[in-house]
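In case you want the letters, here they are:
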Amino acid sequence: MAAIPQVAPLGKRAAATDVQEISVTYNESTAGITVSPTWVNKNTTVRFKNPNGGTLKIAFLSPTGKETETVLDSEVCTLSVGGTYHFKCYFTRPGASPEIPESGGVIDVIPTRP
């Protein structure tokens with residue numbers, strides 16, 4: 001079951017040593033999204049990045065599929081509640097201007113229960 005996102009955006013304020021990088025990659029040949037790592041500990045400060053360049057926007061989803069919280073490229077946020085978080089990925093490829101919505105991804109925040 002998906003968790004209702006509890007994301008605390010921090011902008012770009014956290015020090016690099018305090019941030020867990022989350023790599024989100026789009027594979028054009030399979031139209032799939034790869035998220036690495038696939039889980040983090042509760043209260044971890046994270047930064048979502050596209051290792052292939054370009055920009056990335058993550059839109060967390062409610063259990064009904066509505067976008068609830070958005071984290072822009074390279075912003076940091078804290079995942080403060082355990083659960084399974086589903087999100088949509090929006091990529092802007094290097095040198096391109098329109099945002100391209102792609103498949104979504106999932107990240108687990110553990111422990112999943114209080």
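Read on for a plain summary of the structure. Keep in mind it's a predicted model, so treat the numbers as computed, not measured.

1. A closer look at the packing of aromatic side chains
Throughout the structure, instances matching the rule amount to five aromatic pairs. Ring centres of tyrosine 26 and phenylalanine 91 lie 6.0 Å apart, and the angle between their planes is 40°; this geometry places the pair in the tilted category. Taken together, the positions of tyrosine 26 in strand β2 (residues 20-27) and phenylalanine 91 in strand β9 (residues 83-92) put the pair 65 residues apart, joining distant regions of the chain. No difference in accessibility class separates tyrosine 26 from phenylalanine 91, as the two residues are buried. Ring centres of phenylalanine 60 and phenylalanine 87 lie 5.8 Å apart, and the angle between their planes is 70°; on these two criteria the pair is classed as edge-to-face. Here phenylalanine 60, found in strand β6 (residues 55-61), pairs with phenylalanine 87, found in strand β9; they are 27 residues apart in sequence, far enough to count as distant. The two residues phenylalanine 60 and phenylalanine 87 agree in class, both being buried. An aromatic cluster is built from Phe48, Phe60, Tyr85 and Phe87, whose rings are joined through pairwise contacts. Between lysine 57 and the ring centre of tyrosine 90, over which it is positioned, the NZ or CZ distance is 4.7 Å.

Cut-offs applied
Residues numbered from 1 in each chain as written. Predicted model: local features only at pLDDT ≥ 70, side-chain atom pairs only at ≥ 80, totals over all residues. Heavy atoms only, no water. Phe/Tyr/Trp six-rings, centres within 6.5 Å; stacked < 30°, edge-to-face > 60°. Helix = DSSP H or I, 4+ residues; strand = E, 2+ residues; numbered from the N terminus. Buried < 20%, exposed > 50% of the residue type's maximum accessible area, 1.4 Å probe, protein only. Lys NZ or Arg CZ within 6 Å of the ring centre and 35° of its normal.

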